[in-house]
Amino acid sequence: MHEMSIAMSIVDIACKEAQKDGAKSISVIELDVGKLAGVMVDSLMFCYESVCKGTPAENSKLLVNEVTGMGECLKCHFEFEIDSFMALCPQCESYEVKIKQGRELKLKAVTVNE
Ligand SMILES: [Zn+2]
């Protein structure tokens, strides 16, 4: 499952970060997930819990910050909110739209227990 491997890498990175800081355990992991990243947040939450078992992130909380998709029309440079890759410029109806935001999937912050 896609979300399972994402959860594993998030927890892996967070645990390494926490170890570097000499922390015993992790309390919160904060994540930026773009609406166009193709990630099912519910599924990710579910996988996260099982991945955390037996790691310093056990019983930690996963906070997902959903990032809105934004596109820019390459013809008229109009910027607008998008929710799919097949976006149509609302101003000039061009399909030449560059995705500026919404594909991100990144670890934003790790809160640890000292
Ligand atoms: Zn346009």
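Before reading on, note that the structure itself is shown above.
The rules behind these values
Residues numbered from 1 in each chain as written. Predicted model: local features only at pLDDT ≥ 70, side-chain atom pairs only at ≥ 80, totals over all residues. Heavy atoms only, no water. Helix = DSSP H or I, 4+ residues; strand = E, 2+ residues; numbered from the N terminus. Rg over C-alpha atoms; globule rule 2.2 N^0.38 Å. Buried < 20%, exposed > 50% of the residue type's maximum accessible area, 1.4 Å probe, protein only. Areas by Shrake-Rupley, 256 points an atom, 1.4 Å probe, with all protein chains shown as cover. Contact = heavy atoms within 4.5 Å. Salt bridge = Lys/Arg side-chain N within 4 Å of Asp/Glu carboxyl O. Patch = residues over 30% accessible without salt bridge, like charges linked within 9 Å, V, L, I, M, F, W, Y side chains within 5 Å. Donors = N, O, S within 2.8 Å, 3.2 Å for Na, K, Ca; no water. Tetrahedral: all angles 85-135°; square planar, octahedral: opposite > 155°, others 65-115°.

Scanning the chain from terminus to terminus reveals 2 helices and 6 strands. Secondary structure of the chain in N-to-C order comes out as α-β-α-β-β-β-β-β. Relative to the compact-globule value of 13 Å for 114 residues, the chain shows a C-alpha radius of gyration of 17 Å, a clear excess of over 25%. Expressed as a percentage of the 114 residues in the chain, the buried residues total 35%. For the chain, the exposed surface amounts to about 7,100 Å²; the carbon and sulfur share of it is 51%.

On to the environment of A18. By the element assignment, A18 lies in helix α1 (residues 2-20). Overall, A18 belongs to the buried group, its relative accessible area being 2%. Note: C-alpha distance between A18 and I82 (64 residues apart in sequence) is 36 Å. If we skip the residues at most four places from it in the chain, A18 touches A23, I26 and V112.

Turning to unusual backbone geometry, a few remarks are in order. Not every positive phi belongs to a glycine, and N59 is a case in point at roughly 65°. Inspection of the secondary structure assignment puts N59 in the loop between α2 (41-52) and β2 (61-67). Residue N59 is classed as exposed on the basis of its relative accessible area, which comes to 76%. Non-glycine residue E93 carries a positive phi angle of around 60°. For E93, a relative accessible area of 60% gives the class exposed.

Quick look at the pattern of salt bridges now. Following the criterion strictly, the structure yields 6 salt bridges and no others. The residue K108 makes a salt bridge to E30 at a minimum N-O spacing of 3.9 Å. One end of the pair, K108, is in strand β6 (residues 105-113); the other, E30, is in strand β1 (residues 25-34), with 78 residues separating them in the sequence. Given the relative accessible area of 48%, K108 is considered partly exposed. Here the salt bridges share partners, and the residues they tie into one network are E72, E79 and K100.

Further remarks concern a nonpolar patch on the surface. Together, M86, L88 and Y95 make up an exposed nonpolar region whose accessible area comes to about 370 Å². Secondary-structure assignment places M86 in the loop between β4 (79-82) and β5 (97-101). Judged by its relative accessible area of 65%, M86 falls in the exposed class.

Here we take up the coordination of the zinc ion. The protein atoms that coordinate the zinc ion are C73 (SG), C76 (SG), C89 (SG) and C92 (SG), at distances of 2.3 Å. Here the zinc ion binds 4 donor atoms, and the angle range of 105 to 115° at the metal identifies the geometry as tetrahedral. Sequence positions of the residues that donate to the zinc ion give the spacing C-x2-C-x12-C-x2-C. Taken together, the residues C76 in the loop between β3 (69-73) and β4 and C89 in the loop between β4 and β5 connect sequence positions 13 residues apart. Residue C89 is classed as buried on the basis of its relative accessible area of 1%.

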